[in-house]
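Reading the structure
The lines below spell out each chain.
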Amino acid sequence: MTLSVRSKPYIIPEYSLTGDLLAYLTCGLQYRYQNKATLPPSMPIQLWFGDFIHGVMEEAFLKWKDEDWKEFPWDWKTQIRDIELLIHKRMESRGLQPPANLFCSYKEESEHQGLCPDKEHPHKLVASVRAEHSINTWGPHLFPLVDDNEVRIKGIREMPHYQKGVSRSNYYGINGIIDVLSSVKLEEASENNLILKYLNRDPVFQEKLENLESDRYEVIVDYKGMMRPSLGSPSWKHHHWQVQTYAWLRSMQPESNPVLVGILFYLNELSLFQEDLKELKREVKDHDTDIMPDGGDRESILKWNPSKKIPSLSQPFRHLRSIRIIPMDPVSIKSSLEEFDKVVDDIESSIIHEVNGQVIQNSWKTNPDKRTCDACDYKTFCPSSYSKKKLTVP
Ligand SMILES: [Zn+2]
């Protein structure tokens, strides 16, 4: 009897733009341990919070739309808290636990203290402070403009440096999730809409509007659970690539209209804590940010030091720092796609190294950076961690 030889299944590796490609750019080795390890699931603070705040904003939009919660501000205890707990439950079921001191997961007073300051739950910890500010700041302006939320966008690209018998596949998939704002909703918006105001005074957006051939257009939106990156930072550039690539993915959906700009919301800018303010002070001193403070804000930031209370910065300044409008253009779209091809090429070669018997630490690149390494669970056995908290032998 002869056995038929079954060919290997045809699998196209699928990459999420934020969950895989941007995570890999933050640090390859961390990405590897995070995604493909059999270690207990845990998550660096920024990744957990990024997922959390994204979920909270989506759920808040649904409440606004379906349950008619049109009046802002929303109350934390009676309105926002339930949204937070729902998102926490969902993340927990995927094995994602909140890092210590970031989020209180108790519904009410309990005999357990957990990692909270006392047993008087619920506590409004950092993640909750940020969720409240995000909803109450942008909700009233953003939600009325959303035409379609949580739109899944997906595309396929040729595998870079494809080699038959070596590469895993001749194509790779790339995907993301966006909210879409439509020209129709923008035209209906009230004059006091802050997002409309920012778009109207953006010269590139205006120019694109004038040259538009169709009578419809779109703006795509994504949320970032982090500060606005400094001008010289890799994240600044990576987020630009991300938004260009989203525009490309969106353009392939038949129901889409031309995407004029993308908007990123850097939600941590709405409530800065000590580490954030340290970073902002450095950026202001070095002129390393595109949104500089003036007057009282500038003075408060430069005079502040970690022994003092966090100063309250003006609302217009916080708004401006938390919104980033990125114009789309064909040249940028093409080069951004090429950048992500390179990232996929890197990841795929690391996988091939590992499959061929190389140890993990030799197969994946690292990208030591203080903030990333401090929040990383793998620093104790990372060969190049920036963090000093190394494992010491007793
Ligand atoms: Zn608590």
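Below is a short write-up of the structure. (Residues numbered from 1 in each chain as written. Predicted model: local features only at pLDDT ≥ 70, side-chain atom pairs only at ≥ 80, totals over all residues. Heavy atoms only, no water.)

**A few points about helix H1 (residues 17–26)**
The element H1 is largely enclosed, with a buried count of seven among its ten residues. Turning to H1, its buried residues number three or more, namely Leu-17, Asp-20, Leu-21, Leu-22, Ala-23, Tyr-24 and Leu-25. (Buried < 20%, exposed > 50% of the residue type's maximum accessible area, 1.4 Å probe, protein only. Helix = DSSP H or I, 4+ residues; strand = E, 2+ residues; numbered from the N terminus.)

**Digging into helix H4 (residues 76–93)**
Helix length check: H4, at 18 residues, gives a terminal C-alpha distance of 24 Å against a target of 26 Å (1.5 Å per residue), a fit within 8%. Buried within H4 are the following residues: Trp-76, Gln-79, Ile-80, Arg-81, Ile-83, Glu-84, Leu-85, Ile-87, His-88 and Met-91. Among the residues trailing H4, Gly-95 stands out with phi positive, at a value near 85 degrees. (Expected span 1.5 Å × (residues − 1).)

**Observations concerning the coordination of the zinc ion**
With distances of 2.0 to 2.3 Å, the protein atoms coordinating the zinc ion are Cys-104 (SG), Cys-116 (SG), His-121 (ND1) and His-123 (ND1). Taken together, the four donor atoms surrounding the zinc ion define angles of 100 to 123 degrees at the centre, an arrangement classified as tetrahedral. One chain supplies every donor for the zinc ion, spaced along it as C-x11-C-x4-H-x1-H. Placement of the pair is Cys-104 in the loop between H4 and helix H5 (126–142) and His-121 in the loop between H4 and H5, with a sequence separation of 17 residues. Given the relative accessible area of 5%, His-121 is considered buried. (Donors = N, O, S within 2.8 Å, 3.2 Å for Na, K, Ca; no water. Tetrahedral: all angles 85-135°; square planar, octahedral: opposite > 155°, others 65-115°.)

**Description of the nonpolar core**
One finds Trp-48, Phe-52, Trp-138, Leu-142, Ile-195, Val-219 and Phe-265 to be the most contacted residues of the largest nonpolar core, which totals 48 residues. Counting residues per element, the ones that place at least two in this core are helix H3 (45–66), H4, H5, helix H7 (194–200), strand S4 (218–224) and strand S5 (259–266). Looking at which element gives the most residues to this core, the answer is H3, with nine residues. Non-local contacts of Ile-195, meaning those with residues more than four positions away in its chain, are made with Trp-138, His-141, Leu-142, Leu-145, Ile-263, Phe-265 and Ile-323. Leu-29, Tyr-246, Leu-337 and Val-343 belong to the second-largest nonpolar core, a separate cluster that totals 42 residues. (Core = buried A, V, L, I, M, F, W, Y, C linked by side-chain atoms within 4.5 Å. Contact = heavy atoms within 4.5 Å.)

**Some details on a nonpolar patch on the surface**
Together, Tyr-10, Ile-156 and Tyr-171 make up a nonpolar patch on the protein surface, roughly 330 Å² of accessible area in all. On the secondary structure map, Ile-156 appears in strand S2 (residues 146–158). A relative accessible area of 49% places Ile-156 in the partly exposed class. (Patch = residues over 30% accessible without salt bridge, like charges linked within 9 Å, V, L, I, M, F, W, Y side chains within 5 Å. Areas by Shrake-Rupley, 256 points an atom, 1.4 Å probe, with all protein chains shown as cover. Salt bridge = Lys/Arg side-chain N within 4 Å of Asp/Glu carboxyl O.)

**A look at the pattern of salt bridges**
A side chain with one charge can pair with a side chain of the opposite charge if their charged atoms come near. Counting across every chain of the model gives 23 salt bridges. The partner of Asp-290 in a salt bridge is Arg-228, with the nearest N and O atoms 2.8 Å apart. Here Asp-290 is found in the loop between helix H10 (274–285) and helix H11 (295–303), whereas its partner Arg-228 is found in the loop between S4 and helix H9 (234–251), with 62 residues between them in sequence. Across the salt bridge formed by Arg-250 and Glu-255, the nearest N and O atoms sit 3.9 Å from each other. Judged by relative accessible area, Arg-250 falls into the buried class, the value being 4%.

**A look at the packing of H10 against H11**
With their axes 9 Å apart at the nearest point, H10 and H11 run at an angle of 115 degrees to one another. Relative to H11, H10 is oriented roughly perpendicular. Crossing handedness for the pair H10 and H11: left-handed. Each of Leu-280, Lys-281, Val-284 and Lys-285 in H10 lies in contact with H11, whose residues at this interface are Arg-298, Ile-301 and Leu-302. Among the residues making up the contact of H10 with H11, the classes are represented as four nonpolar, no polar and three charged. (Axes fitted to C-alpha atoms, helices over the stretch in contact; angles between N-to-C directions. Parallel < 35°, antiparallel > 145°, perpendicular 65-115°, else oblique. Left-handed = near helix turned anticlockwise from the far one by under 90°. Nonpolar A, V, L, I, M, F, W, Y, C, P; charged D, E, K, R; others polar.)

**Re the side chain of Glu-84**
Within the secondary structure, Glu-84 is located in helix H4. Reaching out from Glu-84, the side chain makes a polar contact with the side chain of Trp-76 at a distance of 2.9 Å. Once you skip the residues sitting within four places of it in the chain, Glu-84 turns out to touch Phe-52, Val-56, Trp-76, Phe-103, Ser-128 and Ala-131. (Polar contact = N/O pair within 3.5 Å; in protein donor to acceptor, adjacent residues only side chain to side chain.)

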